[in-house]
Amino acid sequence: MKKIQVAAVCLALTTVYPAFSAGAVTRSHGIDTETLTAQVLLDRLGFGPGVIDGHAGASLAKAIKGFQEARGLDQSGRLDQATAQALAAYSATPATIEVTLTQADLAGPFVGPIPDDPAKQAELPAMGYSDAMEELAERYHTTEPTLIALNGHAPLAAGATLKVPNVRPAATDYPAALRPDWKAMLVQLSVSSDQPQAARIVVDKSDGVLRVYDAQDALVAQFPATMGSTHDPLPIGTWKIQGTSYLPSFHYNPKLFWDAKPGDTKETLKPGPNGPVGVVWMDLDKDHYGIHGTSTPETIGRTTSHGCIRLTNWDAARLSLMVKPGTPAVFQE
């Protein structure tokens, strides 16, 4: 496989899952607990709802619709009775768990606020997490406000307990060929090793999702995605994944960005979850285009990109376990 230089023009059902019933609405700390349960369940089943925050929205509706399609249900995008019954088949554990923080959880290294200027970003030792709260939010596929809503404003400290969405990986038997630092990142991102294998992926501009199909042409996973913009539209067509770069550096070239600022110069940004392409880059056989993560998971599906396919870091990492060089990637309207 050729060496991948990231300089883009874009920035198993063996586990038991939480129970919930259709139509029930309860709230805890301003969070709809039934919605939170559905988000956790769908996330673990491979139908990503975006960030888990206990609030219904477009990303959750897309996830429900994908699950319904995969189960042969009416694709309403709502938690109707049939969908609730299908999800309940996996129920057993609560939507949230309590974890005890360790010194390692709080040790970093953290880099503080990320500057906007690429030249200043290039000076950082890594494009790492700003602080422990940001790292914990990403580990549990949620947001900092959601963690605060679940736990209050108590300071983070070793030995403290934290209520979090129940998304920790069911298995961590990752391929032996993967680098140790990448395996550690998969654990950090709560990505389970028991992922289905993709025969093809389909990126659909009309509904803003990336779908994964297996060799029997069954829909086995779906993730919300940001794709293209007016300046850099999604490249419609059939492409192939050429290879994957884990924890990639990013080579910023202002000539490739229509919105680069005057005076910007070429820069190399070190790896990290807050880098422009997140923690992983899946290269396509179209120059400068790929599928990658993001430093801002809450914006997926709500903003535009420079033409590439952007997923949350945890969804991009999960997808990287499903694909291989040669996997077709169909981009359609």
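Residues numbered from 1 in each chain as written. Predicted model: local features only at pLDDT ≥ 70, side-chain atom pairs only at ≥ 80, totals over all residues. Heavy atoms only, no water.

K.L.:
Can you help me understand the nonpolar core in this one?
P.N.:
Soluble, globular proteins show a tendency: their nonpolar side chains are buried together. Counting 49 residues, the largest nonpolar core has Trp182, Ile201, Leu210, Val212, Ile309 and Leu319 as the members making the most contacts within it. With 6 residues, helix 9 (residues 313-322) is the single largest residue contributor to this core. When residues no more than four places from it in sequence are discounted, the contact partners of isoleucine 201 are Leu210, Arg211, Val212, Ile241, Ile291, Leu319, Val323, Pro328, Ala329 and Val330. Counting residues in each nonpolar core, the second largest holds 18 residues, with Leu106, Ala132, Met133 and Val164 among its members. (Core = buried A, V, L, I, M, F, W, Y, C linked by side-chain atoms within 4.5 Å. Buried < 20%, exposed > 50% of the residue type's maximum accessible area, 1.4 Å probe, protein only. Helix = DSSP H or I, 4+ residues; strand = E, 2+ residues; numbered from the N terminus. Contact = heavy atoms within 4.5 Å.)

K.L.:
Quick question: what am I supposed to make of the pattern of salt bridges here?
P.N.:
In a structure, side chains of opposite charge can pair up when their charged atoms sit close to one another. One pass over the full model with this rule turns up 7 salt bridges. Linking aspartate 105 and arginine 139 is a salt bridge whose minimum nitrogen-to-oxygen distance equals 2.9 Å. Here aspartate 105, found in helix 4 (residues 103-107), pairs with arginine 139, found in helix 6 (residues 132-139); they are 34 residues apart in sequence, far enough to count as distant. Taken individually, aspartate 105 and arginine 139 each receive the classification buried, so the pair is uniform in this respect. Note that lysine 205 is salt-bridged to glutamate 333, the shortest N-O span being 3.8 Å. (Salt bridge = Lys/Arg side-chain N within 4 Å of Asp/Glu carboxyl O.)

K.L.:
Got a minute to help me understand the sheet that holds strand 13 (residues 290-292) in this structure?
P.N.:
As a general point, the strands of a sheet are linked pairwise by backbone hydrogen bonds and lie either parallel or antiparallel. Ordered in space as 7-6-5-15-9-12-13-14-8, the 9 strands form an open sheet in which the pairing is mixed. The open sheet has two edge strands, strand 7 (219-224) and strand 8 (226-227), and neither has a second partner. Bridge count for strand 5 (residues 200-204) against strand 6 (residues 209-213) is 5 bridges, and the pairing is antiparallel. Counterpart to arginine 200 in the pairing with strand 6 is tyrosine 213. (Pairing = 2+ DSSP bridges.)

K.L.:
Could you clarify how one ought to interpret helix 6 in this entry?
P.N.:
Within an α-helix, residues lying three or four positions from one another point in the same direction, as the helix has 3.6 residues per turn. Counting buried residues along helix 6, 8 of its 8 residues qualify, which places the element largely inside the surrounding structure. Of all the residues in helix 6, the buried ones are Ala132, Met133, Glu134, Glu135, Leu136, Ala137, Glu138 and Arg139. Those residues of helix 6 that are buried lie in contact with helix 4, helix 7 (144-151), strand 4 (161-165), helix 8 (180-188) and helix 9. Capping the start of helix 6, aspartate 131 holds a side-chain oxygen 3.3 Å from the backbone nitrogen of methionine 133, two or three residues further along. Histidine 141 lies just past helix 6 and shows a positive phi near 55°. (Polar contact = N/O pair within 3.5 Å; in protein donor to acceptor, adjacent residues only side chain to side chain.)

K.L.:
So what exactly am I meant to see when it comes to the packing of helix 6 against helix 7 here?
P.N.:
The axes of two packed helices give the description: the angle between them and the distance between them. The interhelical angle for the contact between helix 6 and helix 7, taken along N-to-C directions, is 90°, at an axis separation of 9 Å. In terms of orientation, helix 6 and helix 7 fall into the roughly perpendicular class. Listed contacts from helix 7 to Met133, Glu134, Leu136 and Ala137 of helix 6 are Glu144, Leu147 and Ile148. A class-by-class count of the residues in the contact of helix 6 with helix 7 yields 5 nonpolar, no polar and 2 charged. (Axes fitted to C-alpha atoms, helices over the stretch in contact; angles between N-to-C directions. Parallel < 35°, antiparallel > 145°, perpendicular 65-115°, else oblique. Nonpolar A, V, L, I, M, F, W, Y, C, P; charged D, E, K, R; others polar.)

K.L.:
Is there a simple way to explain the pairing of strand 9 (residues 237-246) in this structure?
P.N.:
Along any regular strand the residues' side chains alternate between the sheet's two faces. Where strand 9 and strand 15 (residues 328-332) come together, 4 bridges link them in antiparallel fashion. Within strand 15, the position partnered with glycine 237 by the bridge is phenylalanine 331. Pairing of strand 9 with strand 12 (residues 280-284), which is carried by 5 bridges, proceeds in the antiparallel orientation. In the strand pairing of strand 12, serine 245 is matched with tryptophan 281.

K.L.:
I tried to follow helix 3 (residues 81-88) on my own but got confused; where do I start?
P.N.:
Turning to helix 3, its buried residues are Thr83, Ala84, Ala86 and Leu87. The buried residues of helix 3 occupy an angular sector of 160° when projected down its axis, which confines them to one face. Seen from the open side of helix 3, the exposed residues pointing more than 90 degrees away from its buried face are Gln81 and Gln85. Of the surrounding elements, those touching the buried residues of helix 3 are helix 1 (33-45) and helix 2 (58-70). (Arc of directions from axis to C-beta.)

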